[in-house]
Amino acid sequence: MFMTIARPAVEPHGPDAVAVPGSPAIQSLPPRALHARLLENAALRRRRGAERLRSRRYDDADYWLHAAPVAVRKASALREEKSFAPLP
């Protein structure tokens, strides 16, 4: 039996090479926007951890509350790596 490998109908291009076919490509963000996104991600993780604590899902809460500082450290490292111009 002969088999062929079919290519997906939509292939990602650009910086988001591992995207799921059909998903929108991730644009390259300037450092300030990436920094803001990382801090927002940390806040969302903290919020999700608090929700899990309220619903007494302690294992999930531990995960989300310990994952939040990782995003803050990434944002801090980005800020140290790229010197931002002072805000106007």
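Bear in mind the structure is a predicted one, so any value in this text is a computation, not a measurement.

**Student:** Would you take a moment to explain the overall build of the protein for this structure?
**Tutor:** Across its full length, the protein carries two helices and zero strands. Here the protein holds 88 residues, and the buried ones make up 17% of them. Put simply, of all contacts in the protein between residues at least 6 apart along the chain, 47% involve residues at least 24 apart. When the accessible area of the protein is evaluated, it comes to approximately 7500 Å², of which 59% is carbon and sulfur surface.

**Student:** Can you walk me through the pattern of salt bridges in this structure?
**Tutor:** A side chain with one charge can pair with a side chain of the opposite charge if their charged atoms come near. Considering all chains together, one arrives at three salt bridges under this definition. Of the charged contacts in the structure, one is a salt bridge between E51 and R52, with a shortest N-O distance of 4.0 Å. Using a relative accessible area of 38% as the deciding quantity, one classes E51 as partly exposed. Here R52 and D60 are joined by a salt bridge, their closest N and O atoms 3.8 Å apart.

**Student:** How should I be thinking about helix α2 (residues 58-81) in this particular structure?
**Tutor:** In an α-helix, one turn spans 3.6 residues, which is why side chains three or four residues apart end up on the same side. Taking 1.5 Å per residue as the helical rise, α2 with its 24 residues ought to reach 34 Å, and the 35 Å between its terminal C-alpha atoms agrees with that figure. Looking only at α2, the buried set comprises A61, W64, A67, A68, A71, A75 and L78. Residues of α2 that are buried make contact with α1 (31-54).

**Student:** How should the packing of aromatic side chains be read in this particular structure?
**Tutor:** Ring pairs (aromatic) are described by centroid distance and by the angle formed between their planes. Taken as a whole and assessed by the stated rule, the structure comprises one aromatic pair. The ring of W64 carries R48 above its face, with NZ or CZ at 4.6 Å from the centroid.

**Student:** Any chance you could explain the packing of α1 against α2 here in plain terms?
**Tutor:** When two helices pack together, their arrangement is captured by the angle between the axes and the distance separating the axes. Packing of α1 against α2 brings their axes to within 8 Å, and their N-to-C directions diverge by 165 degrees. Taken together, the axes of α1 and α2 are roughly antiparallel relative to one another. The element α1 and its partner α2 pack so that their crossing is left-handed. Considered class by class, the residues forming the contact of α1 with α2 number 18 nonpolar, two polar and seven charged.

**Student:** Can you help me understand α1 in this one?
**Tutor:** Its 24 residues give α1 an end-to-end C-alpha distance of 35 Å, which sits within 8% of 34 Å, the value for a rise of 1.5 Å per residue. Those residues of α1 that sit buried are H35, L38, A42, G49 and R52. In this structure, the buried side of α1 is in contact with α2. Where α1 ends, the next residue or the one after it, R56, has phi of about 60 degrees, a positive value.

What counts and how
Residues numbered from 1 in each chain as written. Predicted model: local features only at pLDDT ≥ 70, side-chain atom pairs only at ≥ 80, totals over all residues. Heavy atoms only, no water. Helix = DSSP H or I, 4+ residues; strand = E, 2+ residues; numbered from the N terminus. Buried < 20%, exposed > 50% of the residue type's maximum accessible area, 1.4 Å probe, protein only. Contact = heavy atoms within 4.5 Å. Areas by Shrake-Rupley, 256 points an atom, 1.4 Å probe, with all protein chains shown as cover. Salt bridge = Lys/Arg side-chain N within 4 Å of Asp/Glu carboxyl O. Expected span 1.5 Å × (residues − 1). Phe/Tyr/Trp six-rings, centres within 6.5 Å; stacked < 30°, edge-to-face > 60°. Lys NZ or Arg CZ within 6 Å of the ring centre and 35° of its normal. Axes fitted to C-alpha atoms, helices over the stretch in contact; angles between N-to-C directions. Parallel < 35°, antiparallel > 145°, perpendicular 65-115°, else oblique. Left-handed = near helix turned anticlockwise from the far one by under 90°. Nonpolar A, V, L, I, M, F, W, Y, C, P; charged D, E, K, R; others polar.

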